[in-house]
2 protein chains.
Amino acid sequence: MPRMKPEEPNTHRTMHVVNHIRGLIENGTLQPGDKIPPEREFARTLKISRASLRTGIGYLAAMGVMKIRHGVGTFVADGPPEFGKASLSLMGALHGFQSWQMFEARIILESHLAALAAERGKEEHHAALAEEVAEMFATLDSPADYLIHDLLFHRLVSQASGNPILAALIETITSALYDKRRKTVERSTDRRESAEMHREIYKAIRARKPLDARKLMDQHLRMAQAAQGMERPAERRGSAAGQRHKPARLTAVASD
Amino acid sequence: MPRMKPEEPNTHRTMHVVNHIRGLIENGTLQPGDKIPPEREFARTLKISRASLRTGIGYLAAMGVMKIRHGVGTFVADGPPEFGKASLSLMGALHGFQSWQMFEARIILESHLAALAAERGKEEHHAALAEEVAEMFATLDSPADYLIHDLLFHRLVSQASGNPILAALIETITSALYDKRRKTVERSTDRRESAEMHREIYKAIRARKPLDARKLMDQHLRMAQAAQGMERPAERRGSAAGQRHKPARLTAVASD
DNA sequence: CCAGGATTAGAGGTCAGACCACAAGTATAC
DNA sequence: GTATACTTGTGGTCTGACCTCTAATCCTGG
């Protein structure tokens with residue numbers, strides 16, 4: 001019984017769609033912000049059912065590569081690179097991620113990011129950073145506004161680092177941490193000190209002093225960490241969290 | 001305004017499903033490795049169509065939270081935490097990630113991971129690491145086998161760090177780098193030196209010397225980076241937006 | 001002429017049920 | 001006793017009709 005099927009037309013439609021779109025992106029046919037054809041039409045083009053096409057698009061959307069707008073169309077993501085928003089959150093529920101672990105990851109990544117920004121930052125980055133610092137000082141009385149510029153500052157540092165992958169990683173973690181941050185900022189009374197630290201970080205980056213930038217960022221984040229009670233708890237002991245005043249000691253900042 | 005809507009029965013079915021399953025995971029009803037009910041039955045339970053349920057499950061599968069096995073069932077992921085496999089790869093195509101950037105991220109993360117492992121590693125981790133080092137020395141003549149133990153060693157370091165988030169990040173990057181690695185290992189002639197370095201790293205971790213571990217890991221990775229020609233290229237013009245070149249060919253060693 | 005509401009066109013979202021493909025276990029033939 | 005064939009359970013795909021949302025357009029009253 002001869003196999004009349006030399007090729008493999010099945011290969012899971014989902015991946016077929018994913019790879020097709022991936023190809024369109026890689027060869028430049030599709031660029032960030034572009035709109036893809038309507039589902040019915042696109043499905044006909046690819047010779048598959050609309051349902052399968054939707055599965056594939058859903059897959060891409062879940063990873064943040066595509067953005068679907070009901071009633072309007074489906075587009076290629078264009079904002080700052082970021083992994084699936086719910087991703088970290090979901091995995092947190094699954095693998096028991098702790099807040100302090102997220103913060104620890106953030107500290108490590110962002111400290112290095114600051115160092116890289118100091119090494120590679122361009123004039124434009126410096127200018128943008130300076131502006132955000134100014135805005136922070138100008139909004140010391142408005143927690144909500146202050147937080148916005150705080151976030152912007154950190155995002156700019158990411159961009160200035162010149163490594164979009166690390167930036168995407170940080171962006172993902174930060175967004176997962178955002179809710180908790182907003183709550184604490186409200187009752188934070190040391191915004192002045194915070195702004196001051198940002199200014200120091202900015203100066204270090206501008207002066208192209210990687211080690212200083214790294215150290216200052218590390219210091220700044222540890223302070224924020226403490227303010228939000230996200231230190232690493234002492235060895236696995238007690239159960240529920242009450243107030244803890246345990247000084248947690250993490251990895252020392254070592255200079256290369 | 002007669003249209004008071006106390007509840008919101010629509011809220012996009014997809015998210016309905018995602019949140020439902022998320023809840024089951026958070027309250028412990030569903031644990032890693034568990035099998036969820038068959039689609040037809042589950043759909044009936046949730047009062048939605050099978051198609052919608054599948055969309056939701058697809059979303060979770062795309063992020064690596066669920067694992068689907070055709071003809072068998074759908075399960076909650078159980079392996080080491082990892083973000084969507086294709087995630088980084090897709091985003092790379094979209095935002096023009098470069099190999100050297102991935103490697104840079106890896107170096108930064110893994111160096112710290114080594115330091116953390118030195119601080120927090122338990123006896124069991126030390127034993128497992130020792131074994132992998134031994135295996136590496138035993139497979140110096142078999143590139144393929146050597147690579148396996150190399151990977152295992154690094155994964156163990158991640159686990160020993162006690163921070164599953166950082167481990168997941170590294171796992172994601174590493175898997176994206178895997179293909180290229182395999183190619184170069186083949187013609188690498190300095191496996192002995194490599195094994196030696198792993199041994200040094202192991203010793204530093206066991207001796208609980210974070211700074212040494214970090215330094216050694218950093219050194220080891222930079223060497224690997226050089227061996228694979230993934231260093232950061234000299235200054236070059238870069239536009240932040242989506243300028244299209246042809247990133248098809250990266251700095252990586254040519255595919256044989 | 002100019003709001004501002006009603007209509008309409010286009011796109012994604014959902015549904016239903018039939019049928020296909022794959023993996024395992026079970027029964028049957030030898 | 002082993003190998004093949006059948007049965008069952010589960011995910012994968014297709015069809016095509018209908019629902020909902022958005023935005024552009026038209027139409028009406030001022």
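Definitions and cut-offs
- Residues numbered from 1 in each chain as written.
- Chains lettered and ligands numbered in written order.
- Predicted model: local features only at pLDDT ≥ 70, side-chain atom pairs only at ≥ 80, totals over all residues.
- Heavy atoms only, no water.
- Helix = DSSP H or I, 4+ residues; strand = E, 2+ residues; numbered from the N terminus.
- Buried < 20%, exposed > 50% of the residue type's maximum accessible area, 1.4 Å probe, protein only.
- Contact = heavy atoms within 4.5 Å.
- Buried area = accessible area lost by both parts, 1.4 Å probe.
- Salt bridge = Lys/Arg side-chain N within 4 Å of Asp/Glu carboxyl O.
- Polar contact = N/O pair within 3.5 Å; in protein donor to acceptor, adjacent residues only side chain to side chain.
- Nonpolar A, V, L, I, M, F, W, Y, C, P; charged D, E, K, R; others polar.
- Core = buried A, V, L, I, M, F, W, Y, C linked by side-chain atoms within 4.5 Å.
- Pairing = 2+ DSSP bridges.
- Near = heavy atom within 4 Å.
- Axes fitted to C-alpha atoms, helices over the stretch in contact; angles between N-to-C directions.
- Parallel < 35°, antiparallel > 145°, perpendicular 65-115°, else oblique.
- Left-handed = near helix turned anticlockwise from the far one by under 90°.
- 1 Å grid on protein atoms, 1.4 Å probe; cavity = no way out; pocket = protein on both sides within 12 Å on 5 of 7 lines; lining within 4 Å.
- Points joined across faces, edges and corners; volume = space filled by probe spheres on them.

**Q** Even after reading the chapter, I still don't get unusual backbone geometry, so can you show me in this structure?
**A** When glycine is set aside, most residues are seen to have a negative phi, and most peptide bonds are trans. Residues and elements named next belong to chain B. One non-glycine residue with positive phi stands out, namely Lys47, at about 65 degrees. Among the secondary structure elements, Lys47 is positioned in the loop between helix H2 (39-46) and helix H3 (50-62). The exposure class of Lys47 is exposed, given its relative accessible area of 74%. Its identity is not glycine, yet Arg208 carries a phi of approximately 55 degrees, on the positive side. Relative to the helices and strands, Arg208 resides in the loop between helix H9 (191-206) and helix H10 (210-227).

**Q** Before we go on, may I ask you to explain the interface of chain A and chain B in this structure?
**A** Many descriptions give the size of an interface as the accessible area lost when the pieces come together. Of the residues lining the interface, 60 residues belong to chain A; the matching set on chain B comes to 57 residues. Interface area, chain A with chain B, both sides summed: about 5300 Å², of which 68% is carbon and sulfur. Counting the contacts that link chain A with chain B gives 2 salt bridges. Summed over the shared surface of chain A and chain B, the result is 12 residue pairs in polar contact (both at pLDDT 80 or more). Counting only elements with at least two residues in the side of chain A that touches chain B, the list comes to helix H1 (13-26), helix H3 (50-62), helix H4 (85-95), helix H5 (99-120) and helix H8 (164-187) of chain A. Sorting elements by how many residues they give to the side of chain A that touches chain B places H5 of chain A first, with 10 residues. Class assignment of the residues belonging to the side of chain A that touches chain B gives a composition of 34 nonpolar, 14 polar and 12 charged.

**Q** I tried to follow the nonpolar core on my own but got confused; where do I start?
**A** One broad rule of soluble globular proteins: the nonpolar side chains tend to lie buried together. Counting residues in each nonpolar core, the largest one holds 127 residues, and the members touching the most others are Val65 and Val157 of chain A together with Val65 and Val157 of chain B. In this structure, Val157 of chain B is in contact with Leu113, Ala114, Ala117, Leu129, Ile205 and Met217 of chain B, ignoring residues within four places of it in sequence.

**Q** What is the right way to read the pairing of strand E1 (residues 66-69) of chain B from this model?
**A** Both faces of the sheet carry side chains from a regular strand, because those side chains alternate between them. Residues and elements named next belong to chain B. In the sheet, E1 pairs with strand E2 (residues 73-76) via 4 bridges, with the strands oriented antiparallel. The residue bridging Ile68 from the neighbouring strand is Thr74, located in E2. Connecting the antiparallel pair E1 and E2 is a turn made up of 3 residues, with Gly71 showing a positive phi of about 80 degrees.

**Q** In this structure, what is going on with the protein's contact with DNA strand C? I would like to understand it.
**A** Not every one of the 23 residues close to DNA strand C is listed here, only the nearest: Glu39, Arg50 and Arg54 of chain A together with Arg13 and Ser52 of chain B. Considering the 4 Å shell around the protein, atoms of DNA strand C inside it are sugar or phosphate in 68% of instances. The contact in question runs from a phosphate oxygen of DNA strand C to an N or O atom on the backbone of Arg13 of chain B, over 2.9 Å. Here His70 of chain B contributes a side-chain N or O atom positioned 3.2 Å from a base nitrogen of DNA strand C. A class-by-class count of the residues in the surface near DNA strand C yields 4 nonpolar, 10 polar and 9 charged.

**Q** Looking at this structure, I do not really get the packing of helix H5 (residues 99-120) of chain B against helix H7 (residues 143-160) of chain B. What am I missing?
**A** Axes are the key here: two packed helices are described by the angle between their axes and the distance separating the axes. All names here are of chain B. The N-to-C vectors of H5 and H7 enclose an angle of 60 degrees; their axes lie 7 Å apart at closest approach. Regarding the angle of H5 to H7, the classification is oblique. Helix-helix and strand crossings are classified by hand; for H5 and H7 the assignment is left-handed. On H7, the residues that touch Arg106, Glu110, Leu113, Ala114, Leu116, Ala117 and Arg120 of H5 are His154, Val157, Ser158 and Ala160. Its residues assigned to classes, the contact of H5 with H7 shows 6 nonpolar, 2 polar and 3 charged.

**Q** Explanation requested: empty space enclosed by the protein in the structure shown.
**A** Any space left empty among the atoms is revealed by the rolling of a water-sized probe across them. A complete count under the given rule lists 3 cavities of 30 Å³ or more for this structure. Estimated volume of the second largest cavity: approximately 60 Å³. Mapped by element, the contributors of at least two residues to the lining of the second largest cavity are H8 of chain A together with helix H8 (164-187) of chain B. Taken together, the residues of the lining of the second largest cavity sort by class into 6 nonpolar, 2 polar and no charged.

**Q** In this structure, what is going on with the protein's contact with DNA strand D? I would like to understand it.
**A** Looking at DNA strand D, there are 23 residues lining it, with Ser49 and Ser52 of chain A together with Glu39, Arg50 and Arg54 of chain B nearest. Close to the protein, within 4 Å, the atoms of DNA strand D are drawn from sugar and phosphate at a rate of 68%. Between DNA strand D and Arg13 of chain A, the relevant distance is 2.9 Å, taken from a phosphate oxygen to a main-chain nitrogen or oxygen of the residue. Interatomic distance of 3.3 Å between a side-chain N/O atom of Arg69 of chain A and a phosphate oxygen of DNA strand D. Secondary-structure elements contributing two or more residues to the surface near DNA strand D are H3 of chain A together with H2, H3, E1 and E2 of chain B. Class assignment of the residues belonging to the surface near DNA strand D gives a composition of 4 nonpolar, 10 polar and 9 charged.

These figures come from the coordinates and say nothing about function on their own.
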